[in-house]
Amino acid sequence: MSTNANIQTSTGIAILGSTGSVGKNTLDVIERNQERFHVVALGANRSVDVLFEQVQRFSPKYVVVSDPDYAKKFAERLSRLSNSPKLLVGNSGLCEVATLQEVDCVMAAIVGAAGLMSTLAAAEAGKIVLLANKESLVMAGNLLLNAAHNSGATLLPIDSEHNAVFQCLANVANKEVKAGVQKITLTASGGPFLKTPLNKLADVTPEQACAHPNWSMGQKISVDSATMMNKGLEVIEACLLFGLDITKVNVVIHPQSIVHAMVAYRDGSVLAHLGFPDMRVPIAHAIAWPARIDSGVESIDLTDFSGLEFFTPDLNRFPCLRLAIEVQNSGNSASVVMNAANEVAVQSFLERKIKFLQIYDVVASVVDSSEPVAINDVEVIMSIDRQARAAADKQISQLVH
Ligand code: NDP
Ligand code: MG
């Protein structure tokens, strides 16, 4: 037997957003597969206690703290370590580690627009980009896809539904395969308020909104799941990632979150991806792709799930989903506006400045009053983003006073 066949080089990974829910799950998968992966860089914003513990556990060569004040204090802590990593600061630090030669693969797991520049940098540098940060696709889909195309980067979806579609769409690059796709279906749990009487939604709290029935996630995506803006962002993400018109992307409520997506082909075949709702499944799939590795998650036994339900979402209950579909149909800069206004509105809800139902009101009103702008480069996107944030802030201050 040839010994060369057994030699496996270790993949160097940068995890941007390592202190978050996706970041921690990624480190869990890496820890289970230490012979395959090594952590070159970790990046976060302010969760320096978690980050310090991760530095000790994974001994990265680089660590990025985005917030400069936190970075200063972190530098003192690092100086006490005998084998201290190099500390970088801010977005430029994130972009720098995303493009290091020794980094093969970048986990883009920063939440929101804050992840855009480093995700783009990784794509421009030809890395394998594990894309959790769906907001960067919603904001800059074409730029990101073009950057990946030009550099030879590989974008692999981490979002569970998109990872599921990716698995059911093997060989979609082949035109004949793609022509055979009738529609894809993304499932949605419906979040914590699927059955809450509509007249009770006005007073739900951030704690209730973040208590997702099936998934344990960061606060922003949890609130997005409660409004179903998350599914709206995912519809846009799916159109971009798989090059599909929105008429081919369908959303179905599936409260048990066992089936993550389905792909229907014109011959009547429907391929579905099933698994426990645990992000380590898509993370393990993408990080080792095309190999299969242990994720720490068991596979399901269908006899335990005889009561799986599927039904059409009620767009009156979830107007954010309807808005995102309209925005994708309008095919212009509105998706940047919607994403920015949503980030501001969700943060304000988490800070108890506005009510749950006002998230939609703020986002819809900012989108309605925006003008379409041609997007040529990332500076234009950042400018639209800033203006939409200012408009959302203004709306919110009017609501509050
Ligand atoms: P979390 O809120 O749990 O974590 C966010 C991460 O981003 C943290 O590490 C945080 O650092 C970091 N971060 C935030 N702002 C900045 C900044 N300005 N600069 C650098 N780092 C920053 O989010 P999730 O892990 O839940 O989600 C991450 C992304 O993955 C989102 O885009 C989400 O939509 C997507 N996703 C998440 C899923 C999940 O199951 N959680 C499922 C599918 C997609 P710090 O801790 O220091 O604030
Ligand atoms: Mg998802």
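This text goes with the structure placed above it.
Here is what the cut-offs are and how they apply
- Residues numbered from 1 in each chain as written.
- Chains lettered and ligands numbered in written order.
- Predicted model: local features only at pLDDT ≥ 70, side-chain atom pairs only at ≥ 80, totals over all residues.
- Heavy atoms only, no water.
- Core = buried A, V, L, I, M, F, W, Y, C linked by side-chain atoms within 4.5 Å.
- Buried < 20%, exposed > 50% of the residue type's maximum accessible area, 1.4 Å probe, protein only.
- Helix = DSSP H or I, 4+ residues; strand = E, 2+ residues; numbered from the N terminus.
- Contact = heavy atoms within 4.5 Å.
- Phe/Tyr/Trp six-rings, centres within 6.5 Å; stacked < 30°, edge-to-face > 60°.
- Lys NZ or Arg CZ within 6 Å of the ring centre and 35° of its normal.
- Pairing = 2+ DSSP bridges.
- Axes fitted to C-alpha atoms, helices over the stretch in contact; angles between N-to-C directions.
- Salt bridge = Lys/Arg side-chain N within 4 Å of Asp/Glu carboxyl O.
- Donors = N, O, S within 2.8 Å, 3.2 Å for Na, K, Ca; no water.
- Near = heavy atom within 4 Å.
- Polar contact = N/O pair within 3.5 Å; in protein donor to acceptor, adjacent residues only side chain to side chain.
- Areas by Shrake-Rupley, 256 points an atom, 1.4 Å probe, with all protein chains shown as cover.
- Nonpolar A, V, L, I, M, F, W, Y, C, P; charged D, E, K, R; others polar.
- Parallel < 35°, antiparallel > 145°, perpendicular 65-115°, else oblique.
- Left-handed = near helix turned anticlockwise from the far one by under 90°.

Caption draft 1: Structural context of the nonpolar core. The biggest cluster of nonpolar side chains holds 95 residues, and the ones touching the most others in it are I184, M338, F356, I359 and V363. Broken down by element, this core gets its largest block of residues, eleven residues, from helix α14 (residues 334-350). Residue contacts for V363: discarding those within four places in its chain leaves M229, L323, M338, A341, N342 and A345. V22, I30, I158 and W215 belong to the second largest nonpolar core, which has 35 residues in total.

Caption draft 2: Inspection of the packing of aromatic side chains at higher detail. All told, the structure shown has five aromatic pairs when counted by the stated rule. Where F52 meets F74, the ring centres are 6.2 Å apart and the plane angle is 90°; that geometry is what we call edge-to-face. Residue F52 is located in helix α2 (residues 48-58), and its partner F74 is located in helix α3 (residues 68-79); the two are separated by 22 residues in the primary sequence. We note that F52, like F74, is buried. By way of ring pairs, the aromatic residues F193, F349 and F356 are connected into one cluster. A cation over a ring is seen here: K73 above Y70, with NZ or CZ 5.1 Å from the ring centre. If you follow R77 out to its NZ or CZ, it ends over the ring of F52, 4.6 Å from the centre.

Caption draft 3: How the structure looks around the sheet that holds strand β7 (residues 154-157). Overall, parallel pairing links the seven strands, which are arranged β4-β3-β2-β1-β5-β6-β7 in an open sheet. With partners counted over all chains shown, the strands left at the sheet margins are β4 (86-89) and β7, one partner each. Pairwise comparison of adjacent strand axes, ignoring direction, gives a mean angle of 20° for this sheet. Across four bridges, the pairing between strand β1 (residues 11-16) and strand β5 (residues 105-108) is parallel. When the bridges of β5 are listed, I13 appears paired with C105. In the packing of helix α1 (residues 21-32) onto the sheet, the strands contacted are β1, β2 (37-44) and β5, and the crossing angle to β1 comes to about 160°. Contacts between helix α4 (residues 90-98) and the sheet are confined to β1, β2, β3 (62-65), β4 and β5, with β4 contributing the most and set at about 125° to the helix.

Caption draft 4: Representation of the pattern of salt bridges within the structure. This model, assessed by the stated rule, comprises 20 salt bridges. D67 is paired through a salt bridge with R46; the nearest N and O atoms lie 2.8 Å apart. Placement of D67 in the loop between β3 and α3 and of R46 in the loop between β2 and α2 is noted, with a sequence separation of 21 residues between them. For D49, the salt bridge goes to R77, with nearest N and O atoms at 2.7 Å. A residue pair is termed long-range when its members are at least 10 positions apart, and D49 in helix α2 and R77 in helix α3 qualify at 28 residues. Overall, D49 belongs to the exposed group, its relative accessible area being 55%.

Caption draft 5: Region of the structure containing the coordination of the magnesium ion (ligand 2). Protein coordination at the magnesium ion (ligand 2): the donors are D159 (OD), E161 (OE) and E234 (OE), at 2.1 to 2.2 Å from the metal. In primary-sequence terms, the residues that donate to the magnesium ion (ligand 2) follow D-x1-E-x72-E. Remark: E234 occurs in helix α11 (residues 229-242) and D159 occurs in the loop between β7 and α7 (160-168); sequence separation between them is 75 residues. Given the relative accessible area of 0%, E234 is considered buried.

Caption draft 6: Highlighting the site of ligand 1. Near ligand 1 you find 25 residues, and of these T19, R46, S47, S66 and E135 are the closest. In the model, an oxygen atom of ligand 1 is placed 2.5 Å from a nitrogen or oxygen of the R46 main chain. Within the complex, the protein chains bury 87% of what would otherwise be the 900 Å² of accessible surface of ligand 1. Contributing elements (two or more residues each) for the shell around ligand 1: α1 and α6 (134-151). Looking at side-chain class alone, the shell around ligand 1 contains eleven nonpolar, ten polar and four charged residues.

Caption draft 7: Structural view of the packing of helix α15 (residues 356-368) against helix α16 (residues 378-400). Two elements in contact, α15 and α16, have axes separated by 9 Å at closest approach and are oriented at 130°. By the angle between their axes, α15 is oblique relative to α16. When the axes of α15 and α16 are compared, the crossing they make is right-handed. Every residue of α16 that contacts α15 at Q358, V362, S365 and V366 is listed here: A388, A391, A392, Q395, I396 and L399. Residues that form the contact of α15 with α16 fall into these classes: seven nonpolar, three polar and no charged.

Caption draft 8: Spatial organisation of the sheet that holds strand β9 (residues 249-253). Pairing is mixed in the open sheet, where four strands are placed in the order β9-β8-β10-β11. At either margin of the open sheet sits one strand with a lone partner, and together these are β9 and β11 (270-274). Within the sheet, the average angular offset between the axes of one strand and its neighbour, ignoring direction, is 20°. Where strand β8 (residues 181-188) lies against β9, five bridges are found, and the strand directions are parallel. Paired with A188 across the two strands is I253, which belongs to β9. α11 rests against β8 and β9 of the sheet, and its axis sits at about 150° to β8.

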